[in-house]
Amino acid sequence: KALKGGLLKALKLSETHRGFLGLPALMEETRKLLAAAPAKGVSSYLEEALCADIDACQDPRALLAVAEVHQFMTGAGRLKKELGGVDLPAPHKKSCRTVAN
């Protein structure tokens, strides 16, 4: 449970997203945790905290990593069967797309 909270909290900071790209299995597990999280919490972490962090971020590599991670989280470019039976709910996808854009 502590790991779950830590992974989701890591999504609030743009500087941690490059780490997710280097650990694809961890990124997939985080996607599954995100899918199970309540929509209000996801919106708070992504649309409020992460977007504020993005506005303050000066590192272009971190910003590119944020977009790539959140495209992955939405399942973009993957078939439904490749998502392991776990698809993000629509409000979660909206939050990820807001961040990626």
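Because the structure is predicted, anything quoted here is derived from the model rather than measured. (Residues numbered from 1 in each chain as written. Predicted model: local features only at pLDDT ≥ 70, side-chain atom pairs only at ≥ 80, totals over all residues. Heavy atoms only, no water.)

Q: Can you help me understand helix α5 (residues 60-74) in this one?
A: Helical geometry note: an α-helix holds 3.6 residues per turn, so side chains three or four residues apart project in the same direction. Look at α5: 22 Å from first C-alpha to last across 15 residues, which is about the 21 Å you get at 1.5 Å a residue. Next to the buried residues of α5 lie α2 (17-22), α3 (24-36), α4 (39-56) and α6 (90-100). The residue sitting at the N-terminus of α5 and contributing the capping side-chain oxygen is D59; that oxygen lies 3.0 Å from the backbone nitrogen of R61. Positive backbone phi, at 85°, marks G75, one or two positions downstream of α5. (Helix = DSSP H or I, 4+ residues; strand = E, 2+ residues; numbered from the N terminus. Expected span 1.5 Å × (residues − 1). Contact = heavy atoms within 4.5 Å. Polar contact = N/O pair within 3.5 Å; in protein donor to acceptor, adjacent residues only side chain to side chain.)

Q: Help me understand α3, please; the structure alone is not making it clear to me.
A: End to end, α3 covers 19 Å across 13 residues, agreeing with the expected 18 Å (1.5 Å per residue, within 8%). Those residues of α3 not exposed but buried are M27, E28, T30, R31, L34 and A35. The buried side chains of α3 occupy one side of the element, clustering within an arc of 160° when seen end-on. Within α3, the exposed residues directed more than 90 degrees away from the buried face are A25 and A36. (Buried < 20%, exposed > 50% of the residue type's maximum accessible area, 1.4 Å probe, protein only. Arc of directions from axis to C-beta.)

Q: Got a minute to help me understand the side chain of H70 in this structure?
A: Mapping H70 onto the fold places it in helix α5. Apart from residues lying up to four places away in sequence, H70 is in contact with L11, H17, L46, L50, C96, V99 and A100.

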